[in-house]
Amino acid sequence: MSRAERVSRNLNRALHALFAADERAWLLGEDVADPYGGAFKVTQGLSTAYPDRVLSTPLSENGITGVAGGLALCGDTVIVEIMFGDFAGLAFDPILNLITKSVAMYGERTPMRVVIRCPVGGGRGYGATHSQSPQKHFIGIPHLALYELSPLHDAADVLAAALRRDEPAMLFEDKILYTRRRYVDGRVDDRLAFELRGADGNWARVHDPDATGAPTLVIAPGGVADRAIAAATRAAERGRPVEVLVPARLYPVDVDGLRDLLDGAHGVIVAEESTAGGTWGSEVAARLHAEAWPLLRGPVELVSSADRVIPSAPHLEQAVLLGTDAILDRIMRLPAPTTAAGDRGGRTDPAPADPAGVSPGVPVDVPRLNPNDDSYVLLEWLVADGATVEAGEPVAAVETSKAIEELAATQAGVLRQDVPAGADCVPGTPIGRILPESAVPASVDTPGAPAAAYPEPVEAVGTRTVPPGRPLPPAQRRIADVVSTSHREIPVAFTAVRVDVTAALAYARRAADETGATVGLTEVVIAAVAALHERFGGLYARLTGDGLVVDAETPSIGLTVDVGTGLFLPVIRDAAGLDLGDLADAVVALRMKALRGRLREEDMAGMNFLVALNDTPGVTVARPVVPPGVTCALSVPDVHREVVLDGDGGVRERTVADLGLAYDHRLVNGAQAGAYLAALGEILQR
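Below you will find a few notes about this structure. Remember, it's a predicted structure, so these values are computed and weren't measured experimentally.

Quick word on the overall build of the protein
Counting secondary structure elements, the protein contains 15 helices and 32 strands. Going through the 686 residues of the protein one by one, you find that 51% of them count as buried. Contacts in the protein between residues at least 24 apart in sequence constitute 72% of all its contacts with a sequence separation of at least 6.

Let's talk about the sheet that holds strand 20 (residues 424-425)
What the 4 strands build is an open sheet, ordered 18-17-15-20; its pairing is antiparallel. Pairing within the sheet leaves two strands with one partner each, and these edge strands are strand 18 (404-408) and strand 20. By the bridge criterion, 4 bridges tie strand 15 (residues 376-381) to strand 17 (residues 394-399) in an arrangement that is antiparallel. By the bridge assignment for strand 17, Leu378 is matched with Val398.

Brief notes about the pattern of salt bridges
Taken as a whole, this structure holds 37 salt bridges when the rule is applied. For Arg13, the salt bridge is made with Asp154, and the minimal N-O distance between the two is 3.4 Å. A residue pair is termed long-range when its members are at least 10 positions apart, and Arg13 in helix 1 (residues 7-21) and Asp154 in the loop between strand 5 (145-148) and helix 5 (155-164) qualify at 141 residues. Judged by relative accessible area, which is 39%, Arg13 ranks as partly exposed. With its nearest N and O atoms 3.0 Å apart, the salt bridge here joins Asp582 to Arg181. With Asp582 in helix 14 (residues 580-595) and Arg181 in the loop between strand 6 (169-174) and strand 7 (193-197), the pair connects residues that are 401 residues apart, well separated along the chain. Look at Arg181 and you get partly exposed, because its relative accessible area is 24%. Through salt bridges with shared partners, a single ionic network connects Glu195, Arg197, Arg205, Glu243 and Asp260.

Re a nonpolar patch on the surface
On the surface, a cluster of nonpolar side chains totalling about 290 Å² of accessible area is made up of Leu73, Met105 and Tyr106. With respect to the helices, strands and loops of the structure, Tyr106 is situated in the loop between helix 4 (92-99) and strand 4 (114-120). Given the relative accessible area of 45%, Tyr106 is considered partly exposed.

Looking at the sheet that holds strand 1 (residues 25-29)
Reading across from one edge, 2-1-3-4-6-5-11 is the order of the 7 strands in this open sheet, with mixed pairing throughout. This sheet does not close on itself; its edge strands, each paired only once, are strand 2 (54-56) and strand 11 (249-251). The sheet shows a mean angle of 20° between the axes of neighbouring strands, direction not considered. As judged from the 4 bridges shared by strand 3 (residues 77-81) and strand 4, these two strands associate in the parallel manner. Looking at the pairing, Glu81 lines up with Arg117 of strand 4.

Here we look at the packing of helix 13 (residues 521-531) against helix 15 (residues 670-684)
Where helix 13 contacts helix 15, the two axes come as close as 10 Å, and the packing angle between them is 125°. Compared by their axis directions, helix 13 and helix 15 come out oblique. Relative to helix 15, the crossing made by helix 13 is right-handed. Packed against helix 13, whose contacting residues are Val524, Val525, Ala528 and Val529, the element helix 15 presents Tyr676, Leu680, Ile683 and Leu684 at the interface. Residue classes in the contact of helix 13 with helix 15 are distributed as 8 nonpolar, no polar and no charged.

Considering the packing of aromatic side chains
Counted according to the given criterion, the structure contains 11 aromatic pairs. Between Phe40 and Phe84 the ring centres are 5.5 Å apart and the planes differ by 75°, which places this aromatic pair in the edge-to-face class. Remark: Phe84 occurs in the loop between strand 3 and helix 4 and Phe40 occurs in the loop between strand 1 and helix 2 (46-49); sequence separation between them is 44 residues. Residue Phe40 is classed as buried on the basis of its relative accessible area, which comes to 13%. Taken together, the ring pairs connect Phe40, Phe84, Phe87, Tyr126 and Tyr178 into an aromatic cluster.

Conventions we followed
- Residues numbered from 1 in each chain as written.
- Predicted model: local features only at pLDDT ≥ 70, side-chain atom pairs only at ≥ 80, totals over all residues.
- Heavy atoms only, no water.
- Helix = DSSP H or I, 4+ residues; strand = E, 2+ residues; numbered from the N terminus.
- Buried < 20%, exposed > 50% of the residue type's maximum accessible area, 1.4 Å probe, protein only.
- Contact = heavy atoms within 4.5 Å.
- Pairing = 2+ DSSP bridges.
- Salt bridge = Lys/Arg side-chain N within 4 Å of Asp/Glu carboxyl O.
- Patch = residues over 30% accessible without salt bridge, like charges linked within 9 Å, V, L, I, M, F, W, Y side chains within 5 Å.
- Areas by Shrake-Rupley, 256 points an atom, 1.4 Å probe, with all protein chains shown as cover.
- Axes fitted to C-alpha atoms, helices over the stretch in contact; angles between N-to-C directions.
- Parallel < 35°, antiparallel > 145°, perpendicular 65-115°, else oblique.
- Left-handed = near helix turned anticlockwise from the far one by under 90°.
- Nonpolar A, V, L, I, M, F, W, Y, C, P; charged D, E, K, R; others polar.
- Phe/Tyr/Trp six-rings, centres within 6.5 Å; stacked < 30°, edge-to-face > 60°.

Rendered as structure tokens:
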């Protein structure tokens, strides 16, 4: 596939093209002029190229939109940037009573070429007043069309479609998309393809060309598209084909573009990040029921974020906002399609009963997931005891020292839990069984059924229940195991140096502007650590149990990610082979997976150097733990400012960070550590 540009760059390019083609185009917004270029850098370069038509305005959304209405009445084209979509409510009056009504209230149709851009959505920790998705509040206003940016549509095409209507439009832009790369060449990944269909290529259809059977259709706007695609991928692993439909125009709803896909679809789900009630999803459902009822096999399902104010804390925000798991749950709750024997999704034949007349079932074993662990924690059962499960359906989650892994049923049947949640589990031992439905008495689903109707649980070998008291949370227990092993087996020394990071921070800002990626000191430090692998290979080596030193062919840099409920160490593999933009993308992707609880063993394997972030405000020096299998861990604390003497005896201010290197003294001595930190400082001060 071609290397795609980032969504923010795609939109920036579309705006430049619009201004080059339309001499009467204006852009109004807060801080949109260079060098700032807008809060999310979408308008960079526009004020330099068109200084008379790209204007930073006072902080008044009502005033900005009112001026836009006046310019449009004079025949001009106006792009308005609302810094955060939450503040679009302040512009509701001129939207409702001026720019939309002006199309038709003067006795003849008046073109009103206004596009109001609104960054929306959560996932970035901005809190209650900067993270909302207010699209639903603007549905149904005459002459107002609503669009949403997506990684599947070209922003230039979306802007052109909006302006061709000669009516006002709002363009909602989910903030998490800005640094993401677009999907191009008709491919989402090696399995999924996409195509644009309908008028103006309004609908992007993401599908597996090799899938068979009636698919579930998930309709999701741009910011939710990736979550819906991830849910579709996981549903396919359980035998449920899913297609994701992403519209460029939210309202008016384009039902015609869906008709041929609805015919034969197993079900329809609309997913959106707003809270439930009076939503865009409700509008989609109403239109489908009114205009395509004969094609539907059941009611249109809706799934939204929780009815709560959006918190800032990452783990609390994650609990409120619509995520992949909620979409997947709604997909799997639809009744399974009827399939012929042998078709994908069909049940397997039950295991034969034992001579006593009750089948022991197929065991749910705990596999060897991490060679460094002797036991894992059964974090939770994902399916209730006695519930019917499908082959391939996740039934339990176990936690290793590195990640949370789901265990899947190997056949269809009825789950029996033999080990309680919270227990320790030894790899290779069973924690439950899958019984064939024919072996479970009918009374099993009857309230008050006698206990004799159930096979008695057997004691799982190598397991033990949690003793009375208040144990450490499972994630903290895993961290404790790693820390204990490190202190017991690794003789750690520690060296710290003060580094002037003023230049590194400036470089990070330039790189963020140039690449559109989220680049900060962390990403610059990781890139520098990767670059030093060739000069200091011994600091990336590992010591085997036989006393042999194994060198690392490429630097694979681990990164600490604290999600509030546990600490994880995902790995950026072959970090030296990534440019700074791609490295920043990798960091964001791993952090998001950690926040959403989707990290897996493969995300944490192969680390040969650790960068430990200890950047809590006020922390100046921190000594990190060196995990087993790693020789060095570099701590990156909070930066602080200090005043120093310059060469002429004057004073100047600089930004510094006290970088600390913890190292295995068996492989690295103090002189090597000092030389490494000096080389790292030189790179950061260039």
